[in-house]
Amino acid sequence: MEVFYLNKISFLKSVNRESLLKFSDNRNYKSEEKFLEHLCGLFLVKFLAKNIYKLEDTEIELIDKKPYFQNRKLYFSVSHSNEFVLVAFNKTDIGADIEYMQDRDYGRVLSRYGRGIDCQTKLDFYKFWTKHEAQIKLGNPAKSCVTAFLNDDYAITCVCNDVMISDLKLKEVVLTSEDIDLTNEYNNPTNIGVLSS
């Protein structure tokens, strides 16, 4: 399992918006911000699948509102929070969630679940919350779970329906130029790189 992330603000400033729109799957969103986050995630999934995992067919289909590659040779999960867009890849089905760890009334949020969940600290709450969200994205019971933190401000949890390596390594996707044509970059990457954290 590998987890990649990008800063959507830097990404959107560095890419040609028209080329990003070519990755649209024609889904509708209530806000431009959510639409752009979705497009960033779609591009990231397809770009990494093709150029890191050497997947030739990156066509995506929705089954019960969950996205899959049509060929099922690789599984992925996308999440976004504040400035980051994240995608996790695995050889079996996976769910991933990233959350900005803001202060909130944890007890009030947890009371909606009707369970005796005790999260006394911000870290406890966000470990619970990202695991909960990741399990929803997985769509079936998780057999493995791993949580990591990014910049001490974001919690990231990945769950899968098989054994998972517990040493989660985050990899940052970075851009090295401006006005990048993403359709060209998808086929011949020269301006997008990956850094291990």
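Residues numbered from 1 in each chain as written. Predicted model: local features only at pLDDT ≥ 70, side-chain atom pairs only at ≥ 80, totals over all residues. Heavy atoms only, no water.

Peer 1: Where do I start with the packing of aromatic side chains in this structure?
Peer 2: The relative placement of two aromatic rings is captured by the distance of their centres and the angle of their planes. Enumeration according to the criterion identifies 15 aromatic pairs in this entry. Relative to Phe-43, the ring of Phe-11 lies with its centre 5.9 Å away and its plane at 35°, an arrangement referred to as tilted. Pair noted here: Phe-11 is in helix H1 (residues 8–14) and Phe-43 is in helix H3 (residues 32–51), with a separation of 32 residues, a long-range link. Judged on exposure class, the residue Phe-11 and its partner Phe-43 are both buried. Where Phe-125 meets Trp-129, the ring centres are 5.9 Å apart and the plane angle is 10°; that geometry is what we call stacked. Here Phe-125 and its partner Trp-129 are both found in helix H5 (residues 122–138), four residues apart, which amounts to about one turn of the helix. Through successive ring pairs, a cluster of aromatic residues spans Phe-11, Phe-23, Phe-43, Phe-47 and Tyr-186. The positively charged end of Arg-72 is found above the aromatic ring belonging to Tyr-68, 4.5 Å away from the centroid. (Phe/Tyr/Trp six-rings, centres within 6.5 Å; stacked < 30°, edge-to-face > 60°. Helix = DSSP H or I, 4+ residues; strand = E, 2+ residues; numbered from the N terminus. Buried < 20%, exposed > 50% of the residue type's maximum accessible area, 1.4 Å probe, protein only. Lys NZ or Arg CZ within 6 Å of the ring centre and 35° of its normal.)

Peer 1: Help me understand the pairing of strand S7 (residues 144–150), please; the structure alone is not making it clear to me.
Peer 2: Consecutive side chains along a regular strand alternate between the two faces of the sheet. The alternating pattern of S7 places Ser-144, Val-146, Ala-148 and Leu-150 on a buried face and Cys-145, Thr-147 and Phe-149 on a face that is not buried. Pairing between S7 and strand S8 (residues 154–160): seven bridges, direction antiparallel. Within S8, the residue paired with Thr-147 across the bridge is Thr-157. Connecting S7 to the next strand, S8, in antiparallel fashion are three residues, including Asn-151 with a positive phi near 55°. (Pairing = 2+ DSSP bridges.)

Peer 1: I tried to follow H5 on my own but got confused; where do I start?
Peer 2: What sets the pattern is the α-helix's 3.6 residues per turn: residues three or four places apart point alike. Its 17 residues place the ends of H5 24 Å apart at the C-alpha level, agreeing with the 24 Å of an ideal helix rising 1.5 Å per residue. Every buried residue of H5 is listed here: Phe-125, Tyr-126, Phe-128, Trp-129, Thr-130, His-132, Ala-134 and Leu-138. With its phi angle positive at about 85°, Gly-139 sits one or two positions after the end of H5. (Expected span 1.5 Å × (residues − 1).)

Peer 1: For this particular structure, what's the right way to read the sheet that holds strand S10 (residues 192–196)?
Peer 2: In a beta sheet, neighbouring strands are held together by backbone hydrogen bonds and run either parallel or antiparallel to one another. The five strands lie next to each other as S4-S5-S1-S9-S10, forming an open sheet whose pairing is mixed. Because the sheet does not close on itself, it has two edges, and the strands there are strand S4 (75–81) and S10. Mean inter-strand twist for the sheet, computed between neighbouring axes without regard to direction, equals 25°. Where strand S9 (residues 170–175) and S10 come together, five bridges link them in antiparallel fashion. Its bridge partner being in S10, Val-173 is matched across the sheet by Val-194. Here H3 sits on the sheet and contacts strand S1 (2–7), S4, strand S5 (84–90), S9 and S10; the angle it forms with S5, its principal contact strand, is near 35°. (Axes fitted to C-alpha atoms, helices over the stretch in contact; angles between N-to-C directions. Contact = heavy atoms within 4.5 Å.)

Peer 1: What should I look at first to understand the environment of Leu-168 in this one?
Peer 2: Inspection of the secondary structure assignment puts Leu-168 in the loop between S8 and S9. The exposure class of Leu-168 is buried, given its relative accessible area of 13%. Along the primary structure Leu-168 and Thr-147 are separated by 21 residues, whereas in three dimensions their C-alpha atoms are 7.5 Å apart. Beyond its immediate stretch of four places on either side in the chain, Leu-168 contacts Met-1, Val-3, Val-146, Thr-147, Ala-148, Ile-156 and Cys-158.

Any link to function would need more than the numbers given here.
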